[in-house]
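# A closer look at the structure
Single-letter residue listing:
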Amino acid sequence: MSLFRFAARCRLSMLAVIAALALVGPYKPAAAAEFQPLEIVTKSGVRMFSVEIAKTDEERATGLMYRKELADGRGMLFDFTPEQQVSMWMKNTFVSLDMVFITGDGRVLRIAENTEPQSLKIISSGGPARAVLEVVAGTAKKYGIAPGDQVVHSLFKKR
């Protein structure tokens, strides 16, 4: 094949890729329809958060992927009804997070702090969890959030 024909085929292939990308458009993470309030009662006081809810398989699979930032006081609450062993990862997640695993009655079960962005390492709940709250890394330490603290949100049973 001549160099001229090879170059022409490459241009056509490149044009096909560009056309396909133009049809699909740039990837943008789904924005939450609304934020809901969530409280965590710690030994040092009540901490308020504004959270997006991930309750469908698609929402849980996407989570906070592709986001470049997450503001202090914001987060995503993953609903894993019914209570079960939960595993998470950081694939395509660019922001380091604290993952707060929460039981069905709203108690903090375990916290995975300062998770590694884009890691495929499996992060386990370490027991049955109803939900996972993802917040920006350092939040648990900053606010003194610890296992046993009470999370208040409509997702959890009232005592």
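To start, this report covers the structure provided alongside it. (Residues numbered from 1 in each chain as written. Predicted model: local features only at pLDDT ≥ 70, side-chain atom pairs only at ≥ 80, totals over all residues. Heavy atoms only, no water.)

### A look at the environment of Leu-120
Inspection of the secondary structure puts Leu-120 in the loop between β5 (108–112) and β6 (123–136). Leu-120 sits in the exposed class, given a relative accessible area of 53%. Leu-120 sits 32 residues away from Met-88 along the chain, and the two C-alpha atoms are 9.1 Å apart. Leaving out residues up to four positions away in the same chain, Leu-120 has contacts with Trp-89 and Lys-91. (Helix = DSSP H or I, 4+ residues; strand = E, 2+ residues; numbered from the N terminus. Buried < 20%, exposed > 50% of the residue type's maximum accessible area, 1.4 Å probe, protein only. Contact = heavy atoms within 4.5 Å.)

### Considering the side chain of Gln-150
In this fold, Gln-150 is placed in strand β7 (residues 150–152). A polar contact is formed between the side chain of Gln-150 and the backbone oxygen of Asp-105, at a distance of 3.0 Å. At 3.3 Å, the side chain of Gln-150 and the backbone oxygen of Gly-106 are in polar contact. Among residues more than four places away in sequence, those in contact with Gln-150 are Glu-39, Ile-40, Val-41, Asp-105, Gly-106 and Arg-107. (Polar contact = N/O pair within 3.5 Å; in protein donor to acceptor, adjacent residues only side chain to side chain.)

### A word on the layout of surface pockets
For the second largest pocket, the calculated volume is near 200 Å³. For the second largest pocket, the lining is made up of 18 residues, of which Arg-60, Ala-61, Phe-78, Met-88 and Trp-89 are closest to its centre. Of all the secondary-structure elements, those providing two or more residues to the lining of the second largest pocket are α2 (57–62), β3 (74–88) and β4 (97–102). Considering each element in turn, the lining of the second largest pocket owes the most residues, four residues, to β3. Residues belonging to the lining of the second largest pocket are distributed by class as follows: 11 nonpolar, four polar and three charged. (1 Å grid on protein atoms, 1.4 Å probe; cavity = no way out; pocket = protein on both sides within 12 Å on 5 of 7 lines; lining within 4 Å. Points joined across faces, edges and corners; volume = space filled by probe spheres on them. Nonpolar A, V, L, I, M, F, W, Y, C, P; charged D, E, K, R; others polar.)

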